[in-house]
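Architecture at a glance
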Amino acid sequence: MQVWKFGGTSVGKPERMHSIRNLITSDDQQKIIVLSALSGTTNALLSIGESLKSDQPGEAAEKIEHLKAHYDSFVRDLYKTSEGLTKGQKIIENEFSFIRSLTRIKPFTLKQEKELVAEGELLSTQIFQAYLEELEHDSILLPALEFMRIDADGEPELDYTERKLRELLRAHGDKKIIVTQGFICRNPRGEVDNLKRGGSDYTASLIGGAIRADEIQIWTDIDGMHNNDPRIVKKTFPIRALTFEEAAELAYFGAKILHPSTITPAKMFGVPVRLKNTMDPTAEGTLIANKTSDQVFKAIAAKDSITALYIHSLRMLNAYGFLRRIFEVFEKYKTPVDLIATSEVSVSVTIDKTDNLTELMAELRTFCELEEPDYDQAIICIVGNFSADQAGIALQVLKAMEGIPIRMISYGGTEHNISLLVHGSYKAEALNALNEGLFELKEA
């Protein structure tokens, strides 16, 4: 069995749903199909939620009817028979009736907001399954809310998912196509929750790991992961093969095609992940597995909105327990650290989560000195094969960055990553300079 995930742009128009249907039925391979919400829907639902939180029910009602009109038009173009259209219209009426009911709940809390946002995936999957039924395909819809659950820390309970999926597949595993929702789940209280933005990739990987799938395919609107950000750098090329470790580094440090958490369940069970393009299904895409090419430099990614903290010991840095005390503060305020650099008396770290920055810095100041943080920084991540016995790797990177101020360097923590901290205003210049220096791809 394979797991195929289709993102919002891949299902965003009726003709694209037609294309997906052709893709998934082109062979006899049994598949679980994970769908995101139609493109634009999640943002529209969040906007409705903002109106309700601001106690603007009239404004919310207007937004709801505008979104419903989009879905009414969508199903008119999707279905080919009157029976199919009737079924699609009933789905829309049922789900929008629930959405309207949320406008009458006061106060509008986070619980209702999560129920509201989940409607995007509930709509797309029901509409698509009704379309498959109209064409008499051997398919079934298995609601993700029946097998996907997170714990109190917001982490997926993979054992629970594995057990529940095994039960559901035992009952319905004879179906050729099994449709389900990405992104949505339940929390320990049984309430509707989610895996955060981009979580449909994560859903696909969790399912793929849970069922030990032959392969997980992530279908987007680009032909695989590129060696650089094509939105900023014009001359890029798709990477044909990456290891799990390389792909995880790129996803975490800014490669938008893949959700950062996606790799973990796939790597855990050795399930290959293939990135494919719905607009060009014949393109090879990118295969993420245990094998890769021998190319030294693979790809570059960038992570925005980074804050750098500079921490100085009131005593010598090598005083016993100093580093432990620093990271206990970060743990207390649930603030992950991206990069770290140390000297004899100082520690520099970068973070991208600043919700508790004021409290965190106040506690650090009880036992160390802090400089003013550097805001609006960017981490430039270079991924490749950087084994310890290779000479000249760092020299090539620094030579390419000549003329661009670098605030921090991280090299040696892994054989796959060199990371540089620069001010955000230098991000585009750095990506283009590295593209030319490491891949010899120069802008015309």
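Residues numbered from 1 in each chain as written. Predicted model: local features only at pLDDT ≥ 70, side-chain atom pairs only at ≥ 80, totals over all residues. Heavy atoms only, no water.

For the protein, an unreviewed UniProt entry supplies the name Aspartokinase and the organism Larkinella punicea.

**Thoughts on the packing of helix 1 (residues 14–24) against helix 5 (residues 110–134)**
Where helix 1 meets helix 5, the closest approach of the two axes is 11 Å, and the angle between their N-to-C directions is 60°. With respect to helix 5, the axis of helix 1 lies oblique. At the point where helix 1 passes helix 5, the crossing takes the right-handed sense. Residues Met-17, His-18, Ile-20, Arg-21 and Ile-24 of helix 1 lie in contact with helix 5, whose contacting residues are Ser-124, Ile-127, Phe-128, Tyr-131 and Leu-132. By residue class, the composition of the contact of helix 1 with helix 5 is 7 nonpolar, 2 polar and 1 charged. (Axes fitted to C-alpha atoms, helices over the stretch in contact; angles between N-to-C directions. Helix = DSSP H or I, 4+ residues; strand = E, 2+ residues; numbered from the N terminus. Parallel < 35°, antiparallel > 145°, perpendicular 65-115°, else oblique. Left-handed = near helix turned anticlockwise from the far one by under 90°. Contact = heavy atoms within 4.5 Å. Nonpolar A, V, L, I, M, F, W, Y, C, P; charged D, E, K, R; others polar.)

**As for the side chain of Gln-30**
The topology assignment puts Gln-30 in the loop between helix 1 and strand 2 (31–35). There is a polar contact of 2.8 Å between the side chain of Gln-30 and the backbone oxygen of Lys-175. The contacts of Gln-30, once residues within four sequence positions are left out, are Met-1, Gln-2, Gly-173, Asp-174, Lys-175 and Lys-176. (Polar contact = N/O pair within 3.5 Å; in protein donor to acceptor, adjacent residues only side chain to side chain.)

**Digging into the nonpolar core**
Of all hydrophobic cores here, the largest spans 58 residues; its most connected members are Val-3, Ile-207, Ile-216, Met-225, Leu-258, Leu-275 and Ile-288. Both of domain 1 (2–220) and domain 2 (298–439) provide at least three residues apiece to this core. Aside from chain neighbours lying at most four places away, what touches Ile-216 is Val-3, Ala-204, Ser-205, Gly-208, Ala-266, Val-271, Pro-272, Val-273 and Arg-274. Within the second largest apolar cluster, 37 residues are counted, among which are Leu-23, Phe-74, Phe-108 and Leu-132. (Core = buried A, V, L, I, M, F, W, Y, C linked by side-chain atoms within 4.5 Å. Buried < 20%, exposed > 50% of the residue type's maximum accessible area, 1.4 Å probe, protein only. Domains from an automatic or database assignment.)

**Thoughts on helix 12 (residues 393–400)**
What helix 12 keeps buried is the set Ile-393, Val-397 and Ala-400. Along helix 12, the residues classed as buried sweep out an arc of 65° about the axis, all on the same side. For helix 12, exposure combined with an orientation more than 90 degrees from the buried face picks out Leu-395 and Lys-399. On its buried side, helix 12 packs onto strand 11 (297–313), strand 15 (374–384), strand 16 (408–411), strand 17 (417–423) and helix 13 (427–439). (Arc of directions from axis to C-beta.)

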